[in-house]
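Observations on chain architecture
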Amino acid sequence: MPLRRHPVRYTLWLARTGSAPRTLSLPVWIPLVILAVLAGWSGLNLWLWNRTAEMRSLQLQLVSMNEQARKLNNQLAAERSRVDAERTRNNALSEDAQGILRQLQTLETEINALRRRAGMPEIKLTPSRNEGGTSNTNEGGTSSTNEGGARGGGDTKPAELETVLDFAQGQLKGFRRDLVELSPELNQTLEREAATPYGYPVRGYGRITSGFGYRRSPFGWSFEYHNGLDFPAPYGTPVRTTGAGVVEAAGYRPIFGLAVVVDHGFGYKTLYGHLSSTRVRVGDRAERGDVIGGIGSTGRSTGPHLHYTVIREGSDVNPRGYLQ
């Protein structure tokens, strides 16, 4: 007769002081399950600890990367600000450079206006918009080309300030030399202009009753040569010199009565006749517009008026060409 196998069990003895021990009998699979659970729990805790360590490491890396990204953003922002500031500065410098070129062109225009006024030829010191470069006239009369001018097809390249400043410095030297050359010629021109008879000798009375040349005599039926213009005006109306000069004569003349002759220099003289009174003496300096006497009817005259004569290089000329 075969032996009967009993199922394997584990018995736990639980002893307590002062009481009878107790036994706890467990099937064999329960401790196995408990061990398996403990092993699984330990493995899970180990896996979670490793995952936590990895997450902590990743978190530290992320914090480091965030810090690096922040620094890079700050650097990019600073660089962007620097680039913007540099761009703004370059734009401002370009505008300044263009402004300097415009001022040089204006100065050249004004100097050429003075040269024309002085009877001198014009100069070319600054480039035009259609030229291929910056033309600079040196002392030898040749032209050199700088990079600050226009390039091709009418497109204007903004000149850099340093280039324009160098160019402007050279131009200003040329302007100074030209002004030194121009100054005496211009002064002489201004003196000539101030001395040349111009305008009406009687303000507000521009009507002419007798012109220049041959006319019928107001004292008979014959013809006579009239070497000036007659301006009728009320007795005592101020008579003014038409140009700067020195009084050459002031007194009575057989035909023109009380008269004043002004020597303007540069070959010009003017005569003011039939005056009622004079306010100047021989040798006095008179400027254009100064009152030298009053309208009268002295000498060979039929009524109060001014006889006005312009003399150029010793010959009487028609004063009409000197009224405007």
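Since this is a predicted model, take the numbers as computed values, not measurements. (Residues numbered from 1 in each chain as written. Predicted model: local features only at pLDDT ≥ 70, side-chain atom pairs only at ≥ 80, totals over all residues. Heavy atoms only, no water.)

Applying the stated criterion across every chain yields a total of six aromatic pairs. Both rings, one in Tyr200 and one in Phe231, keep their centres 5.9 Å apart while their planes meet at 80°; by these two values the pair is edge-to-face. Taken together, the residues span a long stretch of sequence, with Tyr200 in the loop between α2 (161-195) and β5 (213-216) and Phe231 in strand β7 (residues 229-232) at a distance of 31 residues. Taking 5.9 Å as the distance between ring centres and 75° as the angle between the ring planes, the aromatic pair formed by Tyr268 and Tyr322 counts as edge-to-face. Of this pair, Tyr268 sits in strand β11 (residues 268-278) while Tyr322 sits in the segment after β15 (315-317), and the two are 54 residues apart along the sequence. For the pair shown, Tyr268 and Tyr322 are each scored as buried. Joined through ring pairs, the aromatic side chains of Tyr200, Phe231, Tyr272 and Tyr308 make up one cluster. (Phe/Tyr/Trp six-rings, centres within 6.5 Å; stacked < 30°, edge-to-face > 60°. Helix = DSSP H or I, 4+ residues; strand = E, 2+ residues; numbered from the N terminus. Buried < 20%, exposed > 50% of the residue type's maximum accessible area, 1.4 Å probe, protein only.)

All right, on to the pairing of strand β1 (residues 9-16) then. Note: β1 against strand β2 (residues 19-27), seven bridges, orientation antiparallel. Across the sheet, Tyr10 pairs through a bridge with Leu26, a residue of β2. Here β1 hands over to β2 after two residues, with Gly18 in that stretch at a positive phi of 85°. (Pairing = 2+ DSSP bridges.)

This part takes up the layout of surface pockets. Each pocket or cavity is described by its volume, and for the largest pocket that value is around 340 Å³. Contributing to the lining of the largest pocket are 19 residues, with Arg215, His226, Asp230, His274 and Arg300 lying nearest its centre. Of all the secondary structure elements, the ones that give two or more residues to the lining of the largest pocket are β6 (223-226) and β14 (305-312). Here the lining of the largest pocket takes three residues from β6, the largest share from any one element. Broken down by class, the residue content of the lining of the largest pocket amounts to five nonpolar, 10 polar and four charged. (1 Å grid on protein atoms, 1.4 Å probe; cavity = no way out; pocket = protein on both sides within 12 Å on 5 of 7 lines; lining within 4 Å. Points joined across faces, edges and corners; volume = space filled by probe spheres on them. Nonpolar A, V, L, I, M, F, W, Y, C, P; charged D, E, K, R; others polar.)

Before going further, it helps to spend a moment on unusual backbone geometry. Backbone geometry places Phe266, a non-glycine residue, at a positive phi of 55°. Relative to the helices and strands, Phe266 is located in the loop between β10 (257-265) and β11. With a phi close to 50°, Glu313 is a non-glycine residue in the positive phi region. Of the residues examined, Glu313 reaches a relative accessible area of 61% and is grouped as exposed.

It is worth spelling out the nonpolar core at this point. Grouped together as the largest cluster of nonpolar side chains are 19 residues, with contacts concentrated most on Val239, Val260, Tyr272, Leu306 and Tyr308. Elements supplying a minimum of two residues to this core: β7, β10, β11, β13 (291-295) and β14. Each residue touching Leu306, except ones within four places of it in the same chain, is listed here: Pro201, Val202, Leu229, Asp230, Phe231, Val239, Tyr272, Gly273, Leu275 and Ile295. (Core = buried A, V, L, I, M, F, W, Y, C linked by side-chain atoms within 4.5 Å. Contact = heavy atoms within 4.5 Å.)

Looking now at the confidence of the model for the chain. Looking at the chain, the pLDDT average stands at 79 and 82% of residues meet or exceed 70. The lowest-confidence element of the chain is strand β4 (residues 143-146), averaging 41 in pLDDT; the highest-confidence one is strand β8 (residues 238-240), averaging 97. (pLDDT = per-residue confidence, 0-100.)

What follows is about a nonpolar patch on the surface. A contiguous nonpolar patch, built from Leu32, Ile34, Leu35 and Leu38 and spanning about 410 Å² of accessible area, is present on the exposed surface. Structurally, Ile34 is set in helix α1 (residues 29-117). (Patch = residues over 30% accessible without salt bridge, like charges linked within 9 Å, V, L, I, M, F, W, Y side chains within 5 Å. Areas by Shrake-Rupley, 256 points an atom, 1.4 Å probe, with all protein chains shown as cover. Salt bridge = Lys/Arg side-chain N within 4 Å of Asp/Glu carboxyl O.)

Before going further, it helps to examine the side chain of Ser301. Mapped onto the fold, Ser301 is located in the loop between β13 and β14. The class of Ser301 is buried, set by a relative accessible area of 16%. Among the polar contacts listed, one links the side chain of Ser301 to the backbone oxygen of Gly303, at a separation of 2.8 Å. A polar contact is formed between the side chain of Ser301 and the side chain of His305, at a distance of 3.4 Å. (Polar contact = N/O pair within 3.5 Å; in protein donor to acceptor, adjacent residues only side chain to side chain.)

Mapped onto the fold, Ala259 is located in strand β10. When the C-alpha atoms of Ala259 and Ala249 are compared, they prove to be 7.8 Å apart, with 10 residues separating the residues in sequence. If we ignore the near neighbours within four places in the chain, the residues touching Ala259 are Ala249, Ala250, Gly251, Arg253, Tyr272, Gly273 and Leu275.

Now for α1. Helix length check: α1 (89 residues) gives 128 Å between terminal C-alpha atoms against 132 Å at 1.5 Å per residue, within 8%. Buried within α1 are the following residues: Leu93, Ser94, Ala97, Gly99, Ile100, Leu101, Leu104, Glu108, Ile111, Asn112 and Arg115. At the exit of α1 stands Gly119, carrying a positive phi of roughly 75°. (Expected span 1.5 Å × (residues − 1).)

Here we come to the pattern of salt bridges. Per the stated rule, a full pass over the model turns up nine salt bridges. Here Arg215 and Asp230 are joined by a salt bridge, their closest N and O atoms 3.4 Å apart. Here Arg215, found in strand β5, pairs with Asp230, found in strand β7; they are 15 residues apart in sequence, far enough to count as distant. In this pair, the class of Arg215 matches that of Asp230, namely buried. The shortest N-O distance in the salt bridge between Glu248 and Lys269 comes to 2.8 Å. Of this pair, Glu248 sits in strand β9 (residues 245-253) while Lys269 sits in strand β11, placing them 21 residues apart in sequence. By relative accessible area, Glu248 is classed as partly exposed at 35%. The class of Lys269 is partly exposed, set by a relative accessible area of 27%. Connected through salt bridges with shared partners, the residues Arg215, Glu224, Asp230 and Arg300 form a single ionic network.

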